[in-house]
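Structural overview for review
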Amino acid sequence: MNRERYYVTIDMSMMKISDTKIPDNTIQYEIYANNEEVDKISALIEQIKSEDFRQEEIFQRPFQEGKADEDKETTDNELQELYTIIYDLGTIETKDVVKDLK
């Protein structure tokens, strides 16, 4: 399958994969991916974003620390999976940056 260049942004406020580099101070990871890999990354990003921490959850379950820890661990595992995919598909420069994050 033919791979094309994409940029993955991990900043929680604008987490996404795009074929366009954003010309601001946002950290983007350059990768080369096929359509199937892009779909997998997009689905993982959507999953992570859907689990993003919300302040109102503190008030809904203030003493359920175990559940909060479980949610954090799930999100951490998904982020680790995303960084692994970025590393595997990344350019040499991307691999150099991500290897220190993993």
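The notes below deal with the structure included here. This structure is a prediction, so every number in the text was calculated from the model and none was measured. (Residues numbered from 1 in each chain as written. Predicted model: local features only at pLDDT ≥ 70, side-chain atom pairs only at ≥ 80, totals over all residues. Heavy atoms only, no water.)

A few words now on helix H1 (residues 35–50). Between its first and last C-alpha, H1 extends 22 Å over 16 residues, near the 22 Å set by a 1.5 Å rise per residue. Taken together, the buried positions of H1 are Glu-37, Val-38, Ile-41, Leu-44, Ile-45 and Ile-48. When H1 is viewed along its axis, its buried side chains cluster within an angular range of 130° and face the same direction. Across from the buried face of H1, at angles greater than 90 degrees, the exposed residues are Asn-35, Glu-36 and Asp-39. (Helix = DSSP H or I, 4+ residues; strand = E, 2+ residues; numbered from the N terminus. Expected span 1.5 Å × (residues − 1). Buried < 20%, exposed > 50% of the residue type's maximum accessible area, 1.4 Å probe, protein only. Arc of directions from axis to C-beta.)

In space, the three strands of this open sheet follow the order E2-E1-E3, with antiparallel pairing throughout. Only two strands of the sheet have a single partner each, and these edge strands are strand E2 (16–18) and strand E3 (28–33). Here the average twist between neighbouring strands, direction ignored, is 30°. When strand E1 (residues 4–9) meets E2, the two strands line up antiparallel, connected through three bridges. Looking at E2, one finds that Val-8 is bridged to Ile-17. (Pairing = 2+ DSSP bridges. Axes fitted to C-alpha atoms, helices over the stretch in contact; angles between N-to-C directions.)

Everything listed here is a matter of geometry and, on its own, says nothing about what the molecule does.
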